Amino acid sequence: MAKSTDVRPVIKLRSTAGTGFTYVTTKNRRNDPDRLVLRKYDPVARKHVEFREER
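Residues numbered from 1 in each chain as written. Predicted model: local features only at pLDDT ≥ 70, side-chain atom pairs only at ≥ 80, totals over all residues. Heavy atoms only, no water.

A few points about the packing of aromatic side chains
Inspection of the entire model under this criterion finds three aromatic pairs. For the pair F21 and Y23, a centre-to-centre distance of 5.3 Å together with 85° between the ring planes defines the contact as edge-to-face. Judged by its relative accessible area of 25%, F21 falls in the partly exposed class. With a centroid separation of 5.1 Å and an interplanar angle of 65°, the aromatic rings of Y23 and F51 are classed as edge-to-face. Here F51 lies in strand β4 (residues 47-54) and Y23 lies in strand β2 (residues 22-26), a separation of 28 residues in the sequence. The cationic tip of K40 hangs over the ring face of Y23; the distance from NZ or CZ to the ring centre is 4.6 Å. (Phe/Tyr/Trp six-rings, centres within 6.5 Å; stacked < 30°, edge-to-face > 60°. Buried < 20%, exposed > 50% of the residue type's maximum accessible area, 1.4 Å probe, protein only. Helix = DSSP H or I, 4+ residues; strand = E, 2+ residues; numbered from the N terminus. Lys NZ or Arg CZ within 6 Å of the ring centre and 35° of its normal.)

A closer look at the sheet that holds β2
Pairing is antiparallel in the open sheet, where four strands are placed in the order β2-β1-β4-β3. Only two strands of the sheet have a single partner each, and these edge strands are β2 and β3 (37-42). Taken pair by pair, the neighbouring strands of this sheet meet at an average axis angle of 40°, ignoring direction. (Pairing = 2+ DSSP bridges. Axes fitted to C-alpha atoms, helices over the stretch in contact; angles between N-to-C directions.)

What to know about the nonpolar core
Formed by I11, L13, L36, V49 and F51, the largest nonpolar core amounts to five residues. Breaking this core down by element, the ones donating at least two residues are β1 (10-15) and β4. What V49 contacts, discounting residues up to four positions off in sequence, is S15, T16, A17, L38, R39, K40 and D42. (Core = buried A, V, L, I, M, F, W, Y, C linked by side-chain atoms within 4.5 Å. Contact = heavy atoms within 4.5 Å.)

Observations regarding unusual backbone geometry
Note: most peptide bonds trans; most residues except glycine with negative phi. In this structure, R46 takes a positive phi of about 60° despite not being glycine. Among the secondary structure elements, R46 is positioned in the loop between β3 and β4. Note on R46: relative accessible area 68%, which makes it exposed.

A word on the side chain of D42
Structurally, the position occupied by D42 is in strand β3. Here D42 sits buried without a salt bridge, and the closest side chain of opposite charge, K47, lies 8.7 Å off (N-O distance). There is a polar contact of 2.8 Å between the side chain of D42 and the side chain of S15. With residues near it in sequence (within four places) discarded, D42 still touches S15, A17, T19, F21, K47, V49 and F51. (Lys, Arg positive; Asp, Glu negative; His and termini not counted. Salt bridge = Lys/Arg side-chain N within 4 Å of Asp/Glu carboxyl O. Polar contact = N/O pair within 3.5 Å; in protein donor to acceptor, adjacent residues only side chain to side chain.)

That is the geometry; function is a separate question.
What follows is the structure, encoded as structure tokens:
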């Protein structure tokens, strides 16, 4: 039987630098019901930028 993914869905984080680079991660829907924004490294832009959750 497959594990339920209701609480921890897989999300894509897309770079706001416009490079099209994405990270794939999971989030806890109970703790973060809104869209996630994280500051991570973009290897295409070669600097840290904000990554926003994409649906």
